[in-house]
Amino acid sequence: AIASDPAAGDRARALDAHVFHSWSVQGQTNPFAIAGGLGTRVWDHDGREYLDFSSQLVNANIGHQHPKVVAAIKAQADVLTTVAPATTNLVRGEAAAAVLAHAPGFQSVFFTNGGADAIENAIRMARLHTGRDKVVSLYRSYHGNTGAAVVATGDWRRVPNEYARGHVHAFGPFLYRSEFWSASVEQECERALHHMRRVIEAEGPESVAAILVEAIPGTAGVIVPPPGYLAGLRELADRFGAMLIMDEVMSGFGRTGEWFAHDAHDVRPDLIAFAKGVNSGYVPVGGVVVSPEIHETFSSRVFPGGLTYSGHPLAAASIVATLDAMASEGIVDNARRIGQDVLGPGLAALAERHAMIGEARGVGVFWALDLVSDAKTRTPVGADVIGALKGALLRRGLLPFAADNRIHVVPPCVVTDDEAHRALEIYDEAFAEVAGGAAA
Ligand code: PLP
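Note on numbering: residues in each chain are counted from 1, in written sequence order. Confidence filtering applies because this is a predicted model: local features only for residues at pLDDT of at least 70, side-chain atom pairs given and counted only at 80 or more, and all residues used for totals across whole chains, interfaces and linings.

**Quick look at helix α4 (residues 90–100)**
Then comes step 1: Whether a residue is buried, exposed or partly exposed is read from the other C-beta atoms within 10 Å of its own C-beta, which are placed from the backbone; 20 or more gives buried, 12 or fewer gives exposed, and intermediate counts give partly exposed. Put simply, DSSP H or I for four residues or longer makes a helix, DSSP E for two residues or longer makes a strand, and each gets a number counted from the N terminus. Of all the residues in α4, the buried ones are V91, R92, A95, A96 and V99. Buried residues of α4, seen end-on, are gathered within an arc of 145° and therefore sit on one face of the element. Turned more than 90 degrees away from the buried face of α4 sit L90 and A97, all of them exposed. Working definition: the arc comes from the directions between the helix axis and the C-beta atoms, pointing outward to the latter.

**Thoughts on the sheet that holds strand β7 (residues 208–214)**
Then comes step 1: Read across the sheet, seven strands follow the order β4-β10-β9-β8-β7-β5-β6 without closing on themselves; strand pairing throughout is mixed. The outermost strands of the open sheet, each flanked by one partner alone, are β4 (108–112) and β6 (167–170). On average, each strand axis in the sheet is tilted by 20° relative to the strand beside it, whichever way the strands run.
Then comes step 2: Taken together, the three bridges between strand β8 (residues 243–247) and strand β9 (residues 271–274) define a ladder with parallel strand orientation. If you follow D247 over to β9, its bridge partner there is A273.
Then comes step 3: Note that contacts rest on C-beta atoms placed from the backbone: two residues are in contact if these are within 7 Å. The axes used here are C-alpha line fits, helices contributing only the stretch in contact, and every angle between their N-to-C directions lies in the interval 0 to 180 degrees. Running at roughly 115° to β4, α4 makes contact with β4 and β10 (286–290) of the sheet.
Then comes step 4: Packing of helix α5 (residues 115–130) onto the sheet brings it into contact with β4, β5 (134–138), β7, β8, β9 and β10, and relative to β10 it is tilted by some 30°. What makes two strands pair is DSSP finding at least two bridges between them.

**Some details on the site of the ligand**
Then comes step 1: What makes a residue near a molecule or strand is its C-beta atom, placed from the backbone, lying within 6 Å of it. Around the ligand lies a shell of 16 residues, among which G114, G115, A116, G144 and V249 are the nearest.
Then comes step 2: The element that contributes the greatest number of residues to the shell around the ligand is α5, accounting for three residues.
Then comes step 3: Any residue that is not Ala, Val, Leu, Ile, Met, Phe, Trp, Tyr, Cys, Pro, Asp, Glu, Lys or Arg is counted as polar, Gly included; the first ten are nonpolar and the last four charged. Broken down by class, the residue content of the shell around the ligand amounts to seven nonpolar, seven polar and two charged.

**Section: the sheet that holds strand β1 (residues 36–38)**
Then comes step 1: Reading across the sheet, the four strands line up as β1-β2-β3-β14 and stay open at both edges, with mixed pairing between neighbours. The outermost strands of the open sheet, each flanked by one partner alone, are β1 and β14 (398–399).
Then comes step 2: As paired elements, β1 and strand β2 (residues 41–43) share three bridges and run antiparallel to each other. Residue G36 lies in a different strand from β2, and its bridge partner there is W43.

**Things to note about the domain arrangement of the chain**
Then comes step 1: Domain delimitation in this document rests on an assignment produced automatically or drawn from a domain database. Examined at the domain level, the chain breaks down into domain 1 (6–65 + 330–434) and domain 2 (67–328).
Then comes step 2: Its C-alpha centre places domain 1 at a distance of 25 Å from the equivalent point of domain 2.
Then comes step 3: Counting residues at the interface gives 27 residues for domain 1 and 26 residues for domain 2.
Then comes step 4: Put simply, the parts of the chain that give the side of domain 1 that touches domain 2 at least two residues each are α2 (55–58), α11 (331–353), β11 (357–363), β12 (366–374) and β16 (406–409).
Then comes step 5: Ranked by residue count, the leading element in the side of domain 1 that touches domain 2 is α11, at five residues.
Then comes step 6: Split by residue class, the side of domain 1 that touches domain 2 holds 13 nonpolar, eight polar and six charged.

Now the structure itself:
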């Protein structure tokens, strides 16, 4: 039974005034208080349960409080809770090997504290390896909140933070909101690749160090690339001597029903940035998976980068336990199956029923509902509609993830059939309520 402790809830909300919140007007955040969690469920201090269809920030892939991961962190805490990065450390090596087991052909792992600094260091490696400067990334992207990562980001968060040099942006393929007037997915792919090629040519290919993309742009709207796009970027990178950096921070480790989302696209990047799902965020960690060629560059020269907590033992232990549990419990397969059998068809049916859902797109446990006020013009709904939907979902016991005009359907990879069906009912009721009770 879940304990109810309303006084603790009051105290949490009062003390929250001392917390400076991300991406917010301070004092206007009204955050939701979470007291505990298990699997796909979280609960508040009043003992009310919610289905966590946000996975927090799309990171709790293994669900909350997985007993094997919690036990591994506790066991490591009894042995050694911190160690300098320049030392050899058994659990750090095991964590690197565990990650590399899912990235055949790669050589090594540089551990960071999270996703942004993984991107930061991947960019640094690409620049030093090529001796070039520019990084081409997409407008529809999020790569993190540090110097180069935030400027590589495409969305509004880049604009007030544009202090890093050497960044160029392009549009990627997105048929539902095509920048290329495409009528088919093939056309969109071809035109987006043509556009990317022209951007690189116009920037001067000899100045381009890397093409940086999320395997599936996540926060930007779960924009699954058309078949051939990522392979086309690989060809462009090869043609122009640039590195291909795959940002798998949100899409990696089970979210798409693959270990890495790009595994489904028959492409091998030069660098892979990861974080979130690698240990579901139980301890902050991220990293860069490095190709043999780039590793070799730093065999004869210094890699000018490092972090006090690179390969932190608690994080390393949690990675080993997480990847082990994900493999032995079939958690990645579960994500794929839930996507194919339950969420895919269920969300498509919702889109049929509710005119507000312009498009339901995604894969695995990585979906977005693109909400429109007019299905023909595809005009995005406003913040008022999203606010009303969030309220309607929370009242029914579902913790949602909202971004711009979208609701992202992103439960942990361990979500059960029953939980997914229950969530689909809740979304259905919430859309009906917000549309004024009239399902389309
Ligand atoms: N890259 C992607 C694709 C992300 O979604 C995120 C975070 O949402 C990041 C990088 C940054 O990761 P972090 O917040 O751990 O720094």
